[in-house]
Structure formats: structure tokens, C-alpha cells
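If you want the building blocks of each chain, they are given just below.
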Amino acid sequence: MISVEEALEKILAAVSRLEPEEKPILECLDQVLDEDVYAGFDIPPLDNAAMDGYAVRSKDIGGAAKGRPVYLDVIDEVAAGHVSTKNVAEGTAMRIMTGAPRPGGADAVVRFEDSDELEHKDDSKRRAKIGIFVAAEKGQNIRSRGEDIQSGTIVLKRGTLLRPAEIGVLASLGKSRARVIRRPIVSILSTGDELCKVNQPLSPGKIYDSNSYAIAASVLKCGGIPKLLDIARDSIRPLKAQISHGADADMLITSGGVSMGDYDIVKDVLSQMGQIDFWTVRMKPGKPLAFGQIRKQKGKVMREVPHLGLPGNPVSSMITFEQFARPAILKMMGKDDFARPTITATLDQPIKNNDGRRIFARVRLTRDREGWHASLTGPQGSGILTSMSAANGLAIVPEDCPLVRAGEKVKVQLLEGSESIW
Ligand code: AMP
Ligand code: MG
């Protein structure tokens, strides 16, 4: 048996980041930038007003106060998106709106609230004079050219994850496209004679194929593009054909057929089609796992596609996906933060660990005044998918810990959907 860390290390060593693609910025959300993005101009491009008010010369209003206004001649009005050709000379002011370029001569903006503007609301647009109630520092209420971004500097570095803010920064630089590491296409193949497609009637002895969907949804969540293949039956020829089909992707994930059962022929087929290791990983659920490379001839080139063979039990396949497939997909996308965040919580029920494996127990996290609580979501059988659905965390019981008592602390890995607990 190998440890969870050892298995992860081997898997990560065998996958590499994919090549870049260039596409419209909105389609790049959650992908990793593969270029340094430089600013071709300053942002803001000109000094401009941070407030609605009057552009003035600070010199002219040095003595202004509430009971002692300084009156200035209003020479023009300028709104955002327009440039006034006039200059603010001694004793004058210009009515200015937020975002409008600072007119020549002016070095400060006085807010409407600090003038007699509001006392003359109805005719303020037509008034030739404005009374200013406050003095102003040079630069007051003015956003200076380049205060956000200076021309020629790197604004976003290669390797940056593009979140909504970065997509906005790209747009502010006038970039409509960006170069990012592309998303991996992940083939998903369920194996088993007992499996039935979700849109078919269920006959005796059959169950619906849930793994294809849970795994495909997990692939989507971490940014990959799932490609669902038809269910492969437990016989060599169709399985070979499906695996070969699945190898036309960046990664193949199979579920089922890797344990000790009589019909677990996936192992044999995989060994014939490439370089595959079968591991028993010291974890529960999810002990049997396969990992390797499928070889496929494409024209003159022999391609090698990483393959991860997850156990068939629905909970085992999801938990092994979390521990191994998710990091591999993230690495392919150029990301380097693979680990799910963990917190420490008080366990509400005891968990026994009889055989020295690392247990990932499905729990629901809640918070009270003393801190986090983790409560088991019900029976922990590896076929009980609803207990996965009720969970927002996986409590981790270490290999060398035979028992965690109720009331003791455990580390909990946060799952999808745990955002709502904060
Ligand atoms: P296996 O790993 O193939 O021995 O399967 C272990 C258990 O998981 C069996 O009870 C299977 O019926 C079940 N199982 C395997 N594949 C799927 C699937 N795609 N969807 C739902 N259950 C599955
Ligand atoms: Mg099977």
C-alpha cells in the first residue's frame, strides 16, 4: 500500500501544464494567464475629477470659509467623456462632473457640497458665479493621470489566475483577448455490466450510472471540459474500443473495474494498452486506484495520455477524484495551488479507524460560539452517495489514529459548497 501523498506525488509528476490558447477575455475566466500583460498607456489617461463640483485654482480660494465665501466666475461646464478647451484663470472656476478631465489651470476640485451650489439648485446651471466655502489643497479631489496603472509597466504577470477583477483590468487596458493555458479535455468512462444510462428504463440487476455524471460535474467544477463516453461493458473488446476512444483527450478517467472482483478486467486491458500501475492507497474509502499512461498512435506520432482509474463505488470515486484527479487537472491548467483548504473542527460522533488507513469521513460543518463542529452525514458506506450530497467537508482521521472520540478535534477538508458556512 502507498500513502495518499505518495500517490499524489506520482500523479502530479506524470502530468504537465497544457499549451496556451488565445481567446476573448470573458472566456478566460478562471484560467491562468500565459503572458505578461503590459500597459500601453496610463490609467487614468488624464487627471480627472473624483467628485462632482468646481475645478478651481487652490490659490484663489485660500481664505474661503463657510461664512466667508470666495466668489468665482463660472466659465464652462465639463462632463465625463468631454474635454473643455477653456483654461481656469485667476478668479474663475469650471463646473465639472466626476471623471471629466481636469481643465488647464485648475489644480483642485471643490465638491458641490462645499459651495453655494445647493442653495441655488434650480438655476445652478445658469449661474455665472459660484460661492466657495472651503479652502483646498493642491490636487484635492483630483485623480491623477497614471495613478492606477503607468504606461509601460507589467500589470498582470504570466501565471496570474484570471478572476473577475483581472478580466476587468484586461478590459481597462483595451485588451479584448488574452493568452491563457487551455482547459484540459477529460474523457470519462464508466465500466460495468450492471450500469444503465440515465435515460433508459432500469431492468432487474441494473443500476444507473451515476459516476459519469458526478465525475463530469467535478471536472467542470475544477475547470476541465468533460467528455462523457458510452458505458463500457465488462468484456475485453468493447472496453478496449472505449478506452482507445477516451485516449483522444488530455486525460482519461475511468471508474470501476480496478478492484479484486472476477470481472475487473479494466486492469488487464489497461496493462495491454499502456503503462499502468495499480495501487492500493492507504485511504478509506478509495483503496484501489490505477494510474498510468495509455498509448495511442495518432498518425505517425505515438501519444501518451494520462489515465486515472477510480474505484467504482460512487463515494470512493468522488473522494479519490478530489484527492488525485482535481490536483492533476489544476496542474494541467497551470495552477499551483492544489490543496483544498482545511479547518479544525470538533467532531460530534466518534470515528473508529481499524485498519491503519487515512479515513475521509463525510461531515457537515456548522459553527457555534466555540468554533467549528463536524457532524457525520450518516452511514459511511462507500455506496451511499446521499451522504456525500449532505456533506460540505471531509473529516480526516490519520492512519496512525485508531479512534477519534466525540468532542475531539479533527482536520476537515472543505468541499464544494462549503462557502456558505462562513
Ligand atoms: P467496481 O469497482 O467495478 O467493482 O464497482 C464497485 C461498486 O460500484 C459496485 O457496486 C458497482 O455497481 C458500483 N459502480 C461501479 N460503477 C458505477 C457507476 N458508474 N455508477 C454507479 N455505481 C457504480
Ligand atoms: Mg465493475
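Look up: the structure comes first, before these words.
Only a predicted model underlies this, so the values are computations on that prediction, with no experimental measurement involved.

1. Details of the overall build of the protein
Okay, so step 1: Summing up its helical and strand segments, the protein has seven helices and 27 strands in all.
Okay, so step 2: By the compact-globule yardstick of 22 Å for 422 residues, the protein is too spread out, its C-alpha radius of gyration being 32 Å.
Okay, so step 3: If you line up the protein on its principal axes, its C-alpha atoms span 95 × 60 × 40 Å.
Okay, so step 4: Counting every position in the protein, which comprises 422 residues, the buried fraction comes to 48%.
Okay, so step 5: Long-range contacts, defined as pairs at least 24 residues apart, comprise 70% of the intrachain contacts of the protein with a sequence gap of at least 6.
Okay, so step 6: If the 57 positive side-chain charges of the protein are averaged to one point and the 55 negative ones to another, these points end up 3 Å apart.

2. A few points about the side chain of Arg95
Okay, so step 1: Checked against the element boundaries, Arg95 lands in strand 6 (residues 92-96).
Okay, so step 2: In terms of polar contacts, Arg95 uses its side chain to reach the side chain of Glu77, at 2.5 Å.

3. A few points about the pairing of strand 12 (residues 185-190)
Working note: regular strand, side chains alternate between the two faces of the sheet.
Okay, so step 1: Counting buried residues along strand 12, five of its six residues qualify, which places the element largely inside the surrounding structure.
Okay, so step 2: Sheet topology note: the strand 12/strand 16 (residues 251-255) ladder contains five bridges and is parallel. Of the residues in strand 16, the one forming a bridge with Val186 is Met251.

4. So, the sheet that holds strand 17 (residues 274-280)
Okay, so step 1: Taken in spatial order, the six strands make up an open sheet running 15-12-16-20-19-17, and their pairing is mixed. Among the strands making up the open sheet, the edge pair consists of strand 15 (225-228) and strand 17. Each strand axis lies, on average, 25 degrees off the axis of its neighbour in the sheet, ignoring direction.
Okay, so step 2: Two strands pair when backbone bridges link them, and strand 12 and strand 15 are joined in this way by four bridges, in the parallel orientation. Within the sheet, the bridge partner assigned to Ser187 lies in strand 15 and is Lys227.

5. A short note on the nonpolar core
Okay, so step 1: One finds Val281, Leu308, Phe321 and Phe324 to be the most contacted residues of the largest nonpolar core, which totals 38 residues.
Okay, so step 2: Mapped onto this core, the elements with two or more residues apiece are helix 1 (4-14), strand 12, helix 3 (211-221), strand 16, strand 19 (288-298), strand 20 (301-310), helix 6 (314-332) and strand 25 (393-397).
Okay, so step 3: Among the elements that take part in this core, helix 6 stands out by supplying nine residues, more than any other.
Okay, so step 4: Contacts of Phe324, omitting those with residues within four sequence positions, involve Val4, Ala7, Leu8, Ile11, Val281, Met283, Leu289 and Leu308.

6. Some points on the sheet that holds strand 4 (residues 53-56)
Okay, so step 1: Taken in spatial order, the five strands of this open sheet run 7-4-6-5-8, and their pairing is mixed. Across the chains shown, the open sheet's two edge strands, defined by having one partner strand only, are strand 7 (108-111) and strand 8 (129-132). Averaged over all pairs of adjacent strands, the angle between their axes in this sheet comes to 40 degrees, without regard to strand direction.
Okay, so step 2: Across three bridges, strand 4 lies against strand 6 in antiparallel orientation. By the bridge assignment, Gly53 is partnered in strand 6 with Ile96.

7. A few points about the site of ligand 1
Okay, so step 1: Surveying the vicinity of ligand 1 reveals 17 residues, the closest of which are Glu194, Asp209, Ser210, Gly257 and Gly312.
Okay, so step 2: Measuring from an oxygen atom of ligand 1, one finds a side-chain N or O atom of Glu194 at 2.5 Å.
Okay, so step 3: Taking Asn313, its main chain carries an N or O atom lying 3.1 Å from an oxygen atom of ligand 1.
Okay, so step 4: Here ligand 1 has 490 Å² of accessible area as a free molecule, and 78% of this is covered by the chains.
Okay, so step 5: Class assignment of the residues belonging to the shell around ligand 1 gives a composition of four nonpolar, ten polar and three charged.

8. Things to note about the environment of Leu394
Okay, so step 1: With respect to the element layout, Leu394 can be found in strand 25.
Okay, so step 2: Of the residues examined, Leu394 reaches a relative accessible area of 0% and is grouped as buried.
Okay, so step 3: When sequence neighbours within four positions are dropped, the list of residues in contact with Leu394 reads Ile319, Gln323, Phe360, Ala361, Arg362, Val363, Met388, Lys411, Val412, Gln413 and Leu415.

9. A few points about the packing of aromatic side chains
Okay, so step 1: Overall, the coordinates contain two aromatic pairs when judged by the stated rule.
Okay, so step 2: Residues Tyr54 and Phe112 carry aromatic rings whose centres are separated by 5.7 Å and whose planes lie at 70 degrees to one another, so their mutual orientation is edge-to-face. Taken together, the residues span a long stretch of sequence, with Tyr54 in strand 4 and Phe112 in the loop between strand 7 and strand 8 at a distance of 58 residues. Per residue, the accessibility class of Tyr54 equals that of Phe112, and both read buried.
Okay, so step 3: Each ring, one from Trp279 and one from Phe291, has its centre 6.1 Å from the other, and the planes form 35 degrees; the classification is tilted. Of this pair, Trp279 sits in strand 17 while Phe291 sits in strand 19, and the two are twelve residues apart along the sequence. Accessibility assignment for this pair places Trp279 and Phe291 in one class, buried.

10. With respect to the packing of helix 3 against helix 6
Okay, so step 1: Two elements in contact, helix 3 and helix 6, have axes whose closest approach is 10 Å; the angle formed by their N-to-C orientations is 30 degrees. Put simply, helix 3 runs roughly parallel to helix 6. The way helix 3 lies across helix 6 gives a crossing that is right-handed. Seen from helix 3, the contacting residues are Asn211, Ala214, Ile215, Ser218 and Val219; seen from helix 6, they are Pro314, Ser317, Met318, Phe321 and Ile329.
Okay, so step 2: Tallied by class, residues from the contact of helix 3 with helix 6 come to seven nonpolar, three polar and no charged.

Quick notes on the rules
- Residues numbered from 1 in each chain as written.
- Chains lettered and ligands numbered in written order.
- Predicted model: local features only at pLDDT ≥ 70, side-chain atom pairs only at ≥ 80, totals over all residues.
- Heavy atoms only, no water.
- Helix = DSSP H or I, 4+ residues; strand = E, 2+ residues; numbered from the N terminus.
- Rg over C-alpha atoms; globule rule 2.2 N^0.38 Å.
- Buried < 20%, exposed > 50% of the residue type's maximum accessible area, 1.4 Å probe, protein only.
- Contact = heavy atoms within 4.5 Å.
- Lys, Arg positive; Asp, Glu negative; His and termini not counted.
- Charge placed at Lys NZ, Arg CZ, Asp CG, Glu CD.
- Polar contact = N/O pair within 3.5 Å; in protein donor to acceptor, adjacent residues only side chain to side chain.
- Pairing = 2+ DSSP bridges.
- Axes fitted to C-alpha atoms, helices over the stretch in contact; angles between N-to-C directions.
- Core = buried A, V, L, I, M, F, W, Y, C linked by side-chain atoms within 4.5 Å.
- Near = heavy atom within 4 Å.
- Areas by Shrake-Rupley, 256 points an atom, 1.4 Å probe, with all protein chains shown as cover.
- Nonpolar A, V, L, I, M, F, W, Y, C, P; charged D, E, K, R; others polar.
- Phe/Tyr/Trp six-rings, centres within 6.5 Å; stacked < 30°, edge-to-face > 60°.
- Parallel < 35°, antiparallel > 145°, perpendicular 65-115°, else oblique.
- Left-handed = near helix turned anticlockwise from the far one by under 90°.

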